[in-house]
Amino acid sequence: MSTKKRKVDSECRVFQEKWTNMYFFVAQGEKCLCLICKESLSVFKEHNIKRHYDSKHKQTYNKYVGVCRENKITNLQSEIGGLTKLFNNAKNINESIVRASYRVGHIIGKEVHPFSDGEFVKRCLMAVVEEVCPEKKSAFESVSLSRMTMTRRIEDLGSDLMVQLKSKASQFKMFSIATDESTDVTDIAQLLVFIRGINNSFEVTEELAAMKSIKTTTTGEDLFKEVSEIFDDLNLDWNKLTAITTDGAPSMVGRHNGLVVARLRKKVLESNGSPPLDIHCIIHQQNLCGKILNLDHVMKVVTKSVNLIRSYSTNHRIFKEFLLQIEAEYGDVVYHSEIRWLSRGRVLQRFFDLRYEIDIFFIEKSTQLHELSNPVWLWDLAILCDLTAYVNELNLKLQCKDKLISHVYADLCAFQTKLKLFIQQTEKGQLTHFPTCTALRKERKNDHFPNEKISKMLQLLSKSFEDRFADFHRIKNEIRLFENPFTVDVSTAPGDLQLELIELQCQTPLQDLFREKSLPDFYAALDSYPNLRNLGMKMTTAFASTYICEQTFSTLKRAKPASRARLSDDHLHSILRMNVTQLEPNIKKLVSEKHQTSH
């Protein structure tokens, strides 16, 4: 019968300190190292160590005894330490070189610079090194910042951020999405989907879930397919989706074929989730409301006049010099962009303030704007100036970052209340809150103020806001309950919240906590009120607008202009992710995975 071989691992062999003095050996990790010849043995076995010493070093080193032997061992050990330090330093320098390359790539990505700019950075860096610390030139030359390297670095950084998002998404208790679609310079439709999720500790994560490039049609079915792929990539549970915010386009919200109503909502219900909130972007709706004022005859004249001044360089120079000579309040007129509808507020006000100077300028150019002497047109201009100013003010409030849906709804309700006040006052001929109209009435005292006209315009605007924000008003009870659960009428609350609300409203310490903390922090502390806590999660994650998508589209246009039309979709995705993320890429981890420098 054959006997089994003994396994070294089962013999429990350990290095004995006496072997250092006897045979000039030390333990190094799981091996023993000869201090004399630097050869290592893989087994802690005295017989092997003694045989090595006797056969190679005994004749030379046996003469060292006592203190002399100890000193010799100490010297040899210091040599080993020096070699180890040398190797460690080389490793650290190598890692620093790769880390520097990643950090430059991160900056280039966030600043939306071409990948080839890494080579420009390298030239600048070398110029500084040659002047300041030429002895370090070789180390800096080793930092690879070539276009190909920057491309790989940005790919790695984008992938790492995606891995971090997946990790956070796995902890979401609830989440909502905001989605919008636009075309880039090559007419490829780019669908952006942002996600705002919350974990059990009420930590909110708001990130770009993905950018999807659609090269064919953009029907509701196409968009739904892309969103489904994003959910699959992030391993998101459909039943945790609590709100969907879109721009209100037919492909997004069409009752039968749209992305939200017909597909996402159905998918959530099939996954045993509660019906998600369906929110049309509050900013898009507000812009559409502003456009119903039907004062295009004013805007056309203003735009035409400004373009005549700004479109021709000679006219523009002469006009600015003219304003300078007469010491006008402003030095130029402002361009209007139809895409950015609310830019008309600044254009109109500047035109109104410079209307006399513009009239004189055109007369000198043998052109006359008859509208500037038409009292009806002037009143329409003043009315439009004041109304767009208020709409602009609302727009800026809605664009504030990290605003809860309750705060946005409060801004909307406040604006609608202002409109009701304006209607009451203008019907009586009061212009308390219309500074441009007030200024015009002082100048044209003999003119009849068209109070009926402005009152009807305000009523039309108020009705438009009421209709377009019906989805917000539909959930106003939930918003108000979330905003202040202590003042809500319990009998009007959903049945699953009523008993918890009664207990909550009787807790004085919690009322004090509500006054001291932010809404998310307050709801995070309601461990004994699970249904109210869930309401807090739901409303905290909801997007009130797709403004974050609009911001990212601006970055997209900078990242992919006509000169970079060949930029790949994957690289564009990585650049956008780096620009909007609140996460920090794990460069240390990436360096450990890419432990050698690029060339």
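One can find the structure itself at the top, above this paragraph.
As the structure is a computational prediction, the values presented were derived from the model and not from experiment.

Peer 1: Is there a simple way to think about the sheet that holds strand β2 (residues 31-34) in this case?
Peer 2: Read from one edge of the open sheet, three strands run β1-β2-β3, paired in antiparallel fashion. Unpaired on one side and paired on the other, β1 (25-28) and β3 (40-41) mark the two borders of the sheet. Relative to β3, β2 runs antiparallel, the two sharing two bridges. Note on β3: the bridge partner recorded for L33 is S40.

Peer 1: Would you explain the packing of helix α12 (residues 296-310) against helix α16 (residues 375-398) in this entry?
Peer 2: Any two packed helices are characterised by the angle at which their axes cross and by the distance between the axes. Contact geometry for α12 and α16: axes closest at 9 Å, N-to-C directions at 90 degrees. The orientation of α12 with respect to α16, classified from their angle, is roughly perpendicular. Contact residues: H297, V298, V301 and V302 in α12; W377, D380, L381 and L384 in α16. When its residues are assigned to classes, the contact of α12 with α16 shows six nonpolar, one polar and one charged.

Peer 1: Looking at this structure, how should I read the pattern of salt bridges?
Peer 2: Pairing between side chains of opposite charge can happen when the charged atoms of each approach one another. All chains considered together, the criterion is met by 16 salt bridges. Between D569 and K215 there is a salt bridge, with its nearest N and O atoms 2.7 Å apart. Of the two residues, D569 is situated in helix α27 (residues 569-580) and K215 in the loop between β6 (204-214) and α8 (220-233); the sequence distance between them amounts to 354 residues. With relative accessibility at 17%, the residue D569 sits in the buried group. The class for K215 is exposed, based on a relative accessible area of 58%.

Peer 1: Just checking my understanding: could you explain the sheet that holds strand β4 (residues 174-183) for this structure?
Peer 2: Within a sheet, each strand pairs with its neighbour through backbone hydrogen bonds, oriented either parallel or antiparallel. Spatially, the five strands line up as an open sheet ordered β6-β5-β4-β7-β8, and their pairing is mixed. Here the strands that pair on one side only, and so sit at the sheet edges, are β6 and β8 (277-280). Across the sheet, the mean angle from the axis of one strand to that of its neighbour is 20 degrees, orientation sign disregarded. As paired elements, β4 and strand β5 (residues 189-198) share 10 bridges and run antiparallel to each other. The residue bridging T179 from the neighbouring strand is V193, located in β5.

Peer 1: Can you help me understand the packing of aromatic side chains in this one?
Peer 2: Geometry of an aromatic ring pair is reported as the spacing of the ring centres plus the angle between the planes. Across all of its chains, the model carries 19 aromatic pairs by this definition. Centroid distance Y61 to Y64: 5.7 Å. Interplanar angle 40 degrees. Geometry classified as tilted. Y61 gets classed as buried once you look at its relative accessible area, which sits at 15%. Using a relative accessible area of 23% as the deciding quantity, one classes Y64 as partly exposed. Members of the aromatic cluster, joined through ring pairs, are Y23, F24, Y53, Y61 and Y64. It is R196 that lies over the ring of F543; its NZ or CZ is 4.2 Å from the centre. If you follow R355 out to its NZ or CZ, it ends over the ring of F352, 4.0 Å from the centre.

Peer 1: Honestly, the environment of S116 in this entry has me stumped. Any pointers?
Peer 2: Mapped onto the fold, S116 is located in the loop between α4 (66-110) and α5 (117-132). It is 8.8 Å that separates the C-alpha atoms of S116 and T151, two residues lying 35 residues apart in sequence.

Peer 1: Whenever I open this one, the packing of α16 against helix α19 (residues 451-468) confuses me. Can you help?
Peer 2: Between α16 and α19, whose axes approach to 11 Å, the crossing angle comes to 30 degrees. Classed by the angle they form, the pair α16 and α19 counts as roughly parallel. Crossing of α16 against α19: the hand is right-handed. Facing α16, whose interface residues are V376, D380, I383, L387 and L394, α19 presents K453, I454, M457, L458 and F465. Its residues assigned to classes, the contact of α16 with α19 comprises eight nonpolar, no polar and two charged.

Peer 1: Just to check I follow, could you spell out helix α25 (residues 530-541) for this structure?
Peer 2: Think of an α-helix as turning once every 3.6 residues; residues three or four places apart then point the same way. The end-to-end C-alpha separation of α25 is 17 Å, in line with the 16 Å expected for 12 residues at 1.5 Å each. Counting buried positions over the 12 residues of α25 gives nine, a clear majority of the element. Residues L532, R533, L535, G536, M537, K538, M539, T540 and T541 constitute the buried set of α25.

Peer 1: Explanation requested: the pairing of β1 in the structure shown.
Peer 2: Looking along a regular strand, one sees the side chains alternate between the two faces of the sheet. Here four bridges tie β1 to β2, and the two strands are oriented antiparallel to one another. Across the sheet, residue V26 finds its bridge partner in β2, namely L33.

Peer 1: Looking at this structure, I do not really get the nonpolar core. What am I missing?
Peer 2: In summary, soluble globular proteins display a tendency toward joint burial of nonpolar side chains. In terms of nonpolar packing, the biggest core is built from 84 residues, with V302, F351, W377, L381, I405, L501 and L504 touching the most fellow members. For this core, the element with the most residues is α16, which contributes 13 residues. Sequence-distant contacts of F351, that is, excluding residues within four places in its chain, are made with V302, S305, V306, I358, L369, L372, W377 and L381.

Peer 1: Can you walk me through the environment of M148 in this structure?
Peer 2: Along the chain, M148 falls in helix α7 (residues 147-169). Taking the relative accessible area as the measure of exposure, M148 reaches 46% and is therefore partly exposed. The spacing of M148 and F115 is 33 residues in sequence and 7.8 Å in space, taken between C-alpha atoms.

Cut-off values and rules
Residues numbered from 1 in each chain as written. Predicted model: local features only at pLDDT ≥ 70, side-chain atom pairs only at ≥ 80, totals over all residues. Heavy atoms only, no water. Pairing = 2+ DSSP bridges. Helix = DSSP H or I, 4+ residues; strand = E, 2+ residues; numbered from the N terminus. Axes fitted to C-alpha atoms, helices over the stretch in contact; angles between N-to-C directions. Parallel < 35°, antiparallel > 145°, perpendicular 65-115°, else oblique. Contact = heavy atoms within 4.5 Å. Nonpolar A, V, L, I, M, F, W, Y, C, P; charged D, E, K, R; others polar. Salt bridge = Lys/Arg side-chain N within 4 Å of Asp/Glu carboxyl O. Buried < 20%, exposed > 50% of the residue type's maximum accessible area, 1.4 Å probe, protein only. Phe/Tyr/Trp six-rings, centres within 6.5 Å; stacked < 30°, edge-to-face > 60°. Lys NZ or Arg CZ within 6 Å of the ring centre and 35° of its normal. Left-handed = near helix turned anticlockwise from the far one by under 90°. Expected span 1.5 Å × (residues − 1). Core = buried A, V, L, I, M, F, W, Y, C linked by side-chain atoms within 4.5 Å.

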